[in-house]
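# Chain and residue survey
Now for the letters of each chain:
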Amino acid sequence: MADDDLATLGPAAEPRTTPADRPAHGTGRPQPGLGGATTESRLPATGPAGHRLRWILIAGLVLAALNLRPAITSLGALLEEVRDGLGMSGTVAGLLTSVPALCFAAFGLAAPRLARRFGPGAIVCAGMVAITVGVAVRPYAGGTGGFLAASGLALAGIAVSNVLMPVVIKNWFADRVGPMTGLYSMALALGTSLAAALTVPMTDALGGSWRTGLAVWAALAALAVLPWLLVARQRRAAAGPAADGAAPTAETTVRITSSPTAWALAVFFGLQATAAYITMGWIPQIFRDAGVSAGTAGVLLAVTMAMGVPLSFVLPRLAARMRHQGPLAVLLGLCGLAGYAGLWLAPAAGAWAWAVLMGISNCAFPLALTMIGMRSTSSAGVVKLSAFTQSVGYLISVPGPLLVGTLYQHSGGWGLPIALMAGLMVPQIAVGVLAGRDRRIEDET
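Residues numbered from 1 in each chain as written. Predicted model: local features only at pLDDT ≥ 70, side-chain atom pairs only at ≥ 80, totals over all residues. Heavy atoms only, no water.

Below, the discussion takes up empty space enclosed by the protein. Under the definition given, this model contains 4 cavities of 30 Å³ or more. Around the largest cavity sit 24 residues that line it, and Arg69, Leu188, Ala276, Met305 and Phe365 are the ones nearest its centre. Elements with a minimum of two residues in the lining of the largest cavity: helix H2 (70-77), helix H8 (177-205), helix H12 (260-289), helix H13 (294-306), helix H14 (308-320) and helix H17 (364-374). Approximately 50 Å³ is the volume attributed to the second largest cavity. For the second largest cavity, the full set of lining residues is Leu271, Thr274, Ala275, Ile278, Tyr340, Met421, Leu424, Met425 and Gln428. For the lining of the second largest cavity, the secondary structure elements donating two or more residues are H12 and helix H20 (415-435). (1 Å grid on protein atoms, 1.4 Å probe; cavity = no way out; pocket = protein on both sides within 12 Å on 5 of 7 lines; lining within 4 Å. Points joined across faces, edges and corners; volume = space filled by probe spheres on them. Helix = DSSP H or I, 4+ residues; strand = E, 2+ residues; numbered from the N terminus.)

Shown next as structure tokens:
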């Protein structure tokens, strides 16, 4: 089956234009499908049916985004209880904090092939099912091995959905890449914050069992299955013989590893993910060691994470209107450097300001997603770029939190770890400028 099946969710991507002709906000006319048959002949892009499907996709996008982090952050809130309940060693618990990035890298690589075979809508639907089953089963799987296996199933569903969300946006909302990426990023940040904030209170309200507190998030994942079932059914009904017989074009032969922009995006994604994981894992401890109470340290982390909710909606809209997103990467990086400088000089005295600055800096994630959607001219290119960027990026992010912990343990303070965090922000700014240039991977390969 040709790569143009990646476009069967909706209208094809923008036609290729020269930089002088391309609108700053990335709009463009629908073009024929990558294999020659127009995507409009496969799915209703206009009329009542098309409008209904677009609204279903918007609902599916939001619900999927809400479910892409609770499996991780809900576990973090109850990790001590899980360790005690399963008799989990400290080494295994430490491994558990690195498993998400490893799964995102490994399973994300499979997303393009699966999407070509079954269509992105069907794979996202399967991803939501995997999250539902994994989250529901893992507290009752019996032992550490079963818990890890069920967590892996949920993380596999998150990984493939992570990769395919940009191509869904590119397919169906080619003239609204910024706003839709903003909506998706905002919902993702909201899901992250809600799971971190509500897991413990819900656990107490439901009887105090950590198993119930983890499993309850499966209900939200099950809700997300419904719109994607409708999208997958619509895709199967609309796909015709043209989908199977289409001939590949130059769009499907992009050598992603030959693109400097793809590598710049992958490194940028990896470094921002490193900063985010370090923030989530270690910032509360930095504040506590500076004399801030445990409760206040938790609130400071919540402030940092909550900054992503409004900014994740605004930033992609702004980025999509710019020809070069490098200045935004520089601005976010400077906020991160200022936050780290504050943690070094006066961690307790300016704690609230440092929390806000780091929250702004962490919004490099929605910026990276927006650039993924803007750095290719086709949906096939976007899904390849998304898989490459996220898989390589998450691999890059694995050592960061572990290295911070090691430096803290052996140095006895936070000077060296904070220096490492600030040092990593410098190359993040540099590759962000390279990734933000107004060019497409097809032009480079």
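After that view of the structure, there is still more to cover.
Right, let's talk about the packing of helix H19 (residues 399-411) against H20 for a bit. Orientation of H19 relative to H20, taken along the N-to-C sense of each, is 150°, at an axis distance of 7 Å. When the interaxial angle is binned, H19 and H20 end up roughly antiparallel. For the pair H19 and H20, the contacting residues are Leu403, Val404, Leu407, Tyr408 and Ser411 in the first and Leu416, Pro417, Leu420 and Met421 in the second. In terms of residue class, the contact of H19 with H20 is made up of 8 nonpolar, 1 polar and no charged. (Axes fitted to C-alpha atoms, helices over the stretch in contact; angles between N-to-C directions. Parallel < 35°, antiparallel > 145°, perpendicular 65-115°, else oblique. Contact = heavy atoms within 4.5 Å. Nonpolar A, V, L, I, M, F, W, Y, C, P; charged D, E, K, R; others polar.)

Another point: helix H5 (residues 111-118). Within the sequence span of H5, burial applies to Ala111, Pro112 and Ala115. One face of H5 carries all of its buried residues, which in axial projection span an arc of 95°. Facing away from the buried surface of H5 by more than 90 degrees, the exposed residues are Arg113 and Arg117. (Buried < 20%, exposed > 50% of the residue type's maximum accessible area, 1.4 Å probe, protein only. Arc of directions from axis to C-beta.)

What follows concerns the nonpolar core. Formed by 82 residues in total, the largest nonpolar core has its most connected members in Met128, Leu164, Tyr184, Trp228, Phe268, Leu367 and Tyr394. Ranked by residues supplied to this core, first place goes to helix H7 (residues 143-172) with 12 residues. Not counting the four nearest positions on each side in its chain, Leu367 is found in contact with Phe268, Leu315, Ala319, Gln325, Leu328, Ala329 and Leu332. (Core = buried A, V, L, I, M, F, W, Y, C linked by side-chain atoms within 4.5 Å.)

This part is about the packing of H12 against H20. The contact between H12 and H20 brings their axes to 9 Å, and the two run at 150°. Between H12 and H20, the angle falls in the class roughly antiparallel. Crossing of H12 against H20: the hand is left-handed. Along the contact surface, H12 presents Thr261, Ala264, Leu265, Val267, Phe268, Leu271, Gln272, Thr274, Ala275, Ile278 and Ile286, while H20 presents Ile418, Met421, Leu424, Met425, Pro427, Gln428, Val431, Gly432, Leu434 and Ala435. When grouped by side-chain class, the residues that make up the contact of H12 with H20 number 16 nonpolar, 5 polar and no charged. (Left-handed = near helix turned anticlockwise from the far one by under 90°.)

Following the sequence through the fold, Ala262 ends up in helix H12. When the C-alpha atoms of Ala262 and Phe388 are compared, they prove to be 7.6 Å apart, with 126 residues separating the residues in sequence. Excluding anything up to four places from it in sequence, Ala262 contacts Ile256, Leu385, Phe388, Thr389 and Ile441.

Inspection of the entire model under this criterion finds 0 disulfides. We note that Cys363 lacks a disulfide partner, and the nearest cysteine sulfur, in Cys335, lies 9.5 Å from it. (Disulfide = S-S within 2.5 Å.)

This paragraph deals with the pattern of salt bridges. Going through the model one piece at a time under the given rule, you end up with 3 salt bridges. With its nearest N and O atoms 3.7 Å apart, the salt bridge here joins Asp438 to Arg323. Of this pair, Asp438 sits in the loop between H20 and helix H21 (441-444) while Arg323 sits in the loop between H14 and helix H15 (326-345), and the two are 115 residues apart along the sequence. The partner of Arg439 in a salt bridge is Glu444, with the nearest N and O atoms 3.6 Å apart. Within the structure, one salt-bridge network assembled from shared partners comprises Arg323, Asp438 and Arg440. (Salt bridge = Lys/Arg side-chain N within 4 Å of Asp/Glu carboxyl O.)

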